[in-house]
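Each chain is listed here by its residues.
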Amino acid sequence: MAAISFLGDLIQTISDRGRDLISFGRSDLARTASAADLAKLCEDLISRRGEASGVALARLILDRYAFLPQDERLAFLDLVASEFGADHAAVDEAIAAYRAEPTRSRLGVLHEAAEPRSQELIRRLNLARGGTLALVRMREDLFVLRKRLKEQGAAPEARDAVDSLDSDFEHLFASWFNRGFLVLRHIDWSTPADILEKIIRYEAVHEIADWEELRRRIEPPDRRCFAFFHPALLDEPLIFVEVALTGAIAPAIQPILAHEREPVPARSATTAIFYSISNCQKGLAGVTFGNFLIKQVVEDLAREIPSLKTFVTLSPVPGFRTWLDRERRADAPQGLTREDVETLRALDGEDWQTDKATCEAVRRAMLPAAAAYFLRAKNERGRPLDPVARFHLGNGARLERMNFLGDTSKKGLGQSYGLMVNYLYDLSAIEKNHETYANLGTVAASSAVSRELRANLPPPRAVVLAEAG
């Protein structure tokens, strides 16, 4: 970390000296700047050859961008998207040259010509101290712009340009945040307070209400929390996972989060349950961290605690309620029988889960429906509808168990009628499961899950046709 700090100080020194080489300084931040003014500075930045002045100008652009109101920031990004594309004449020339002589060298020229100027702009802005985090935040604004253009029915070419700019960000971020640069850190009660505060703020699965609740999740000997960091974002976690060490696979989240519970001695635990995984930086959407995080934490825990033999998640099912309600209303449901539709009318009543008989009837209808949701319901790419399922199955996990009323919180009932699932990370089968899922779209599921699927549902082909319609 000391070397990283030294490098940062060196870049700042270059920037400070470079500021003397350009015709404006920090005092200009007080001057009103527009999106057009900032775009002109960006043209100047990518045309410069001097390193010191370039670093200083990059910092000035990012500082000015931060001072702009949101509408001006979005206007600036719109200008970058439309004006910092590739040189089409140079692309045509490079294509002609490659066709005349298809060598590797001319292919390289074509590749260089086809690269949008916005990629070089992003690279140069990244030279400024704090540039990486500023660019991550800038991409968050780009998401706002994309949504606004879609809502406004903007011209296809405008939306295409902004989509292309987003692809530039994602392409570069995928390189800058390569697994080789990431640092895994154990988060405990001795972690700096500013990072702990961010763990509370970024928790996206099971809300952390206050510092005392955070303490209960990271301080006991049977609890762990791990996060990935990047050298350019020293105090900004990228993603973190919370782990409970137990004696068995847990079917529900409330006992894990309970205020009063008896801790399990870590050395006697046999099961590690990953019960919350939270991405922290919205601007890094599309850049994969979670698969590396889980696999490394599994390896580290197995090495630290030899008694651990089972590694599972206790995962939410965020898309289940929407799918189930659509099936219940459908004229020809694809994942429910008519009898199940009738039984599940009980879900429309208040506090259905508090009546024992009603609850049992709903359970007998809901678990087969959940099996159909995971094993048969597909998106347009032929993958499971549920985003959490796609993540874990893509990592090579197996859908191990479905847990009726696994989350009885307001959020849990609201997104999945309380359903939770366990995905099993079997170290001996991860690679095989990943390959069959990636190549064939096969959902690895335990026999307990497969047995829940109703035998009298429409054939899978009918499901595909129904979704295509």
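Quick caveat, the model's predicted, so the values are computed rather than measured.

On to the layout of surface pockets, then. Here the largest pocket is characterised by a volume of approximately 1,000 Å³. Taken together, 36 residues line the largest pocket, and the ones lying closest to its centre are Ile277, Asn279, Pro387, Val388 and Phe391. The residue makeup of the lining of the largest pocket, split by class, is 18 nonpolar, 15 polar and three charged.

With that settled, consider the confidence of the model for the chain. For the chain, the average pLDDT comes to 90, and 91% of its residues sit at 70 or higher. In this model residues 462-469 is a low-confidence stretch, pLDDT under 50, and it forms seven contacts with partners more than four residues away in sequence or in other chains.

Glancing now at the environment of Ala244. Position of Ala244 among the secondary structure elements: in strand S3 (residues 239-246). Residue Ala244 is classed as buried on the basis of its relative accessible area, which comes to 0%. Linking Ala244 and Leu41, residues 203 residues apart in sequence, is a C-alpha distance of 51 Å. Apart from residues lying up to four places away in sequence, Ala244 is in contact with Asp222, Arg223, Ile256, Thr271, Ala272, Ile273 and Tyr275.

As a further point, take the UniProt feature "domain: Malonyl-CoA decarboxylase C-terminal" (unreviewed entry) in the chain. As annotated by UniProt and renumbered to match this structure, "domain: Malonyl-CoA decarboxylase C-terminal" (unreviewed entry) occupies residues 180-426. Its end C-alpha atoms 24 Å apart, residues 180-426 is made of 36% helix and 18% strand.

Before going further, it helps to spend a moment on empty space enclosed by the protein. Inspection of every chain in the model, using the stated rule, returns one cavity of 30 Å³ or more. Here the largest cavity defines a volume of roughly 50 Å³. Taken together, Phe76, Leu77, Val80, Leu121, Ile122, Leu125, Met138, Leu165 and Phe169 make up the lining of the largest cavity. Broken down by secondary-structure element, the contributors of at least two residues to the lining of the largest cavity are helix H4 (70-83), helix H7 (117-125) and helix H9 (156-176). Of the residues belonging to the lining of the largest cavity, the class tally is nine nonpolar, no polar and no charged.

Before going further, it helps to examine the pattern of salt bridges. Following the criterion strictly, the structure yields 34 salt bridges and no others. Between Arg148 and Asp71 there is a salt bridge whose closest N-O contact spans 3.1 Å. Of this pair, Arg148 sits in helix H8 (residues 131-152) while Asp71 sits in helix H4, and the two are 77 residues apart along the sequence. Residues Arg123 and Glu120 are paired through a salt bridge, measuring 3.2 Å at the closest nitrogen-oxygen approach. Within this pair, Arg123 and its partner Glu120 are both found in helix H7, separated by three residues, close to a single helical turn.

What counts and what doesn't
- Residues numbered from 1 in each chain as written.
- Predicted model: local features only at pLDDT ≥ 70, side-chain atom pairs only at ≥ 80, totals over all residues.
- Heavy atoms only, no water.
- 1 Å grid on protein atoms, 1.4 Å probe; cavity = no way out; pocket = protein on both sides within 12 Å on 5 of 7 lines; lining within 4 Å.
- Points joined across faces, edges and corners; volume = space filled by probe spheres on them.
- Nonpolar A, V, L, I, M, F, W, Y, C, P; charged D, E, K, R; others polar.
- pLDDT = per-residue confidence, 0-100.
- Contact = heavy atoms within 4.5 Å.
- Helix = DSSP H or I, 4+ residues; strand = E, 2+ residues; numbered from the N terminus.
- Buried < 20%, exposed > 50% of the residue type's maximum accessible area, 1.4 Å probe, protein only.
- UniProt positions renumbered as here; feature names shortened; annotations may be inferred.
- Salt bridge = Lys/Arg side-chain N within 4 Å of Asp/Glu carboxyl O.

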